[in-house]
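Secondary and tertiary structure notes
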Amino acid sequence: MGKYLKTMSKTTKTILWIIVAIIVIGLVWYAVSKKSETVTKEEETIKIGAVLPLSGNLASLGEATKSGLMAAQEKINNTNSGWRVEIIFEDSQSNAQVAVTAVQKLINIDKVNALAVYGSQFAYATAPIAQENKIVQLSYLMDSQLAKNYNYSVVFFPTYETEVSLMADYILKNDIDKIGILHSNIQAHQNASDFLVSELKKQNYTDQNFHIEVFSPGQVDIKTQLIKLKGYNPKIIAIFSTPAEVVSIVKQIKELGLDTTLLFNSAPSVIAEMDQSKMSVFEGSLFVLFNTTVSQSVDQMALINDLKSKGEVVTAPETVVAYDSLCFLTEAFKKAKNQADVINQLRGASGIGLSGKITITNDGVAHFEEMKLGIVKNGKIELYEDKN
C-alpha cells in the first residue's frame, strides 16, 4: 500500500509539472500573439507622403488637393476598418528640385508607404525615385505617359488625351479648318498640343490647318504670340495653360481684338470653383470640365460644402480627385499581399467615387467618365449642347 502511494505521488508530481509547463507555454504564446497583433496594427497604418505646391504660383491647387486628401483621411480613419491613414505633407514650393528633396526625406527618414505628388514637373522629377524604391506614387497631372514610363506610378487625374478628344470632336463636328493653338511649354501642354494635331491629322488635316504659338509658364505678356495668331486669322484657338495664367491670356486676347472662338482645356473650370465672379471674362468660351462641376452628386455637394464651411480651399477636379485617389489607394493596400503587391491591386481597379465612375487602366492611368465640354453663358457655366 505504501509503495502504491509512493508511486501515485510521483505520478501526481509529473502531472503537476506537465500542467505547469502547459501554463507557461500558454503564457508565452499569449505574449507572442499580443505582440503579433501590435505589429499587425502598425502594418495596417498606411503612411503617405504628399508633396504639394503649398506656396508659389500653384499654391491654390496644392491647397485644394490637400483638402481632398485630408477629408478622405478623416473618413477612412473613422470607419473602424482596422486601417488608418497618416499623411505627411511637404511643400514643393512649385519647384522640381524641392520636390525631389522632399520625396527623398519622406522615403529615407519618414519611411512612407506611398507618395502623392501634384503637378507635371514635380511628378516627373520624383517618379524615378519612387520607382527605385518600389513605392507607389499617386501622380496628379494630365500626362498619361508618366505611368507608362514608370510602373510604380499611377496618373490619377483627367489626362490630356481625354480633354483633347473632346476638343477635337468639337472641331471636327463644326468643320473648323483654321486652328490656332496656344500652349505653355511645360511637357503636359506640349503633349496635349501634339495630340490634338495628330488626332486631327487622322481626319486629313495638314500642317496648313494649324498655327502654333508657345509661351513660358508664368509669362505675363504674351502679346507677341497673340499678334502672330491674329495674323493667321484662325476660326478657333485651342488653349492649354494652367489656371494661374488663363485669365490673363483671355484679357490680352480681348485687348488685341482677336475675335474668335476660344477652346480651353480644364483650366477655366478651376477658376470657376475658386472665384465665380471671374467667369464673365470667359463669356462664350468653351472648355473641358467635370460634369460634376455643374451637376454635383449629393455626396460631392456635402463634402464641398463641409470643406468650404471650414475655410478650406476647394476646386474641381483637384479636391474630389484627391479624395477619390486616397480611397482607391487604401483599398489597394487592404487587398495587397504585401507592399510590392499594392501597385498590382491599384492598376486595373475600378469603382464609383465622388468624381463619378473611375477605371484605372492596366497602364496605370485613371479614366474619368464624367468629362464633358462646357460653355460660359451670362457669366455662368453650362454643359455645351451639340446642335449638329
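So, here is what we can say about the structure in this document. (Residues numbered from 1 in each chain as written. Predicted model: local features only at pLDDT ≥ 70, side-chain atom pairs only at ≥ 80, totals over all residues. Heavy atoms only, no water.)

So, on to the sheet that holds strand β3 (residues 114–118). Here we have five strands laid out as an open sheet, ordered β2-β1-β3-β4-β5, and parallel in their pairing. Each edge of the open sheet carries a strand with a single partner, namely β2 (84–91) and β5 (153–155). In this sheet, neighbouring strand axes are inclined to one another by 20° on average, regardless of whether the strands run parallel or antiparallel. Summarising the sheet, strand β1 (residues 45–52) and β3 pair through four bridges and their orientation is parallel. Within the sheet, the bridge partner assigned to alanine 50 lies in β3 and is alanine 116. Sheet strands touched by helix α2 (residues 59–77): β1, β2, β3 and β4 (136–140). Its angle to β2, the strand with the most contacts, is close to 165°. In this fold helix α12 (residues 318–335) packs onto β1, β2, β3 and β4, with an angle of close to 165° to the strand it touches most, β4. (Pairing = 2+ DSSP bridges. Helix = DSSP H or I, 4+ residues; strand = E, 2+ residues; numbered from the N terminus. Axes fitted to C-alpha atoms, helices over the stretch in contact; angles between N-to-C directions. Contact = heavy atoms within 4.5 Å.)

Let's shift gears to the layout of surface pockets. Volume-wise, the largest pocket comes out at about 380 Å³. If you trace the largest pocket, you find 28 residues lining it, with Leu58, Tyr118, Ile186, His189 and Thr242 closest to the centre. Put simply, the parts of the chain that give the lining of the largest pocket at least two residues each are α4 (120–133), α7 (187–201), α9 (243–255) and α10 (267–274). With three residues, the top contributor of residues to the lining of the largest pocket is α4. Looking at side-chain class alone, the lining of the largest pocket contains 15 nonpolar, 11 polar and two charged residues. (1 Å grid on protein atoms, 1.4 Å probe; cavity = no way out; pocket = protein on both sides within 12 Å on 5 of 7 lines; lining within 4 Å. Points joined across faces, edges and corners; volume = space filled by probe spheres on them. Nonpolar A, V, L, I, M, F, W, Y, C, P; charged D, E, K, R; others polar.)

Moving on, we come to the nonpolar core. Side chains that are nonpolar tend, in soluble globular proteins, to be buried together. Among the nonpolar cores identified, the biggest contains 96 residues, and Tyr140, Phe156 and Leu329 are the most heavily contacted of them. Apart from residues lying up to four places away in sequence, tyrosine 140 is in contact with Thr65, Leu69, Ala116, Val117, Tyr118, Gly119, Phe156, Phe157, Val321, Ala322 and Ser325. Formed by 23 residues, the second largest nonpolar core is a distinct cluster that contains Ile222, Ile237, Phe287 and Val376. (Core = buried A, V, L, I, M, F, W, Y, C linked by side-chain atoms within 4.5 Å. Buried < 20%, exposed > 50% of the residue type's maximum accessible area, 1.4 Å probe, protein only.)

In the Ramachandran plot, asparagine 204 falls in the positive-phi region, its phi being about 75° despite a non-glycine side chain. Its location among the elements puts asparagine 204 in the loop between α7 and β7 (210–215). Positive phi outside glycine occurs at asparagine 378, with the angle close to 55°. Tracing the backbone shows asparagine 378 in the loop between β14 (371–377) and β15 (380–383). On the basis of relative accessible area, asparagine 378 is assigned to the exposed category, the value being 72%.

All right, on to the sheet that holds strand β13 (residues 366–368) then. Spatial strand order, β11-β12-β13: three strands in an open sheet with antiparallel pairing. On the outer flanks of this sheet lie β11 (350–353) and β13, each paired with one strand and no other. Strand-to-strand twist in this sheet, taken as the mean axis angle between neighbours without regard to direction, amounts to 25°. Of the strand pairs in this sheet, β11 and strand β12 (residues 356–360) are connected by four bridges, and their pairing is antiparallel. Note that in β12 the partner of glycine 351 across the bridge is isoleucine 358.

On to the packing of aromatic side chains. This structure, assessed with the given rule, holds seven aromatic pairs. Note on tyrosine 118 and phenylalanine 157: the rings are 6.2 Å apart at their centroids and 90° apart in plane angle, and the pair reads as edge-to-face. Highlighted residues: tyrosine 118 in strand β3 and phenylalanine 157 in the loop between β5 and α6 (160–173), separated in sequence by 39 residues. Tyrosine 118 gets classed as buried once you look at its relative accessible area, which sits at 6%. What makes phenylalanine 157 buried here is its relative accessible area of 8%. With a centroid separation of 5.6 Å and an interplanar angle of 65°, the aromatic rings of phenylalanine 156 and phenylalanine 328 are classed as edge-to-face. With a gap of 172 residues between them, phenylalanine 156 in the loop between β5 and α6 and phenylalanine 328 in helix α12 connect regions that are remote in the sequence. For phenylalanine 156, a relative accessible area of 0% puts it in the buried group. (Phe/Tyr/Trp six-rings, centres within 6.5 Å; stacked < 30°, edge-to-face > 60°.)

Counting across every chain of the model gives nine salt bridges. Residue aspartate 177 pairs with lysine 235 through a salt bridge whose shortest N-O separation is 2.9 Å. Taken as a pair, aspartate 177 in the loop between α6 and β6 (179–184) and lysine 235 in the loop between α8 (223–232) and β8 (236–240) lie far apart in primary sequence, 58 residues in all. Residue aspartate 177 is classed as partly exposed on the basis of its relative accessible area of 35%. (Salt bridge = Lys/Arg side-chain N within 4 Å of Asp/Glu carboxyl O.)

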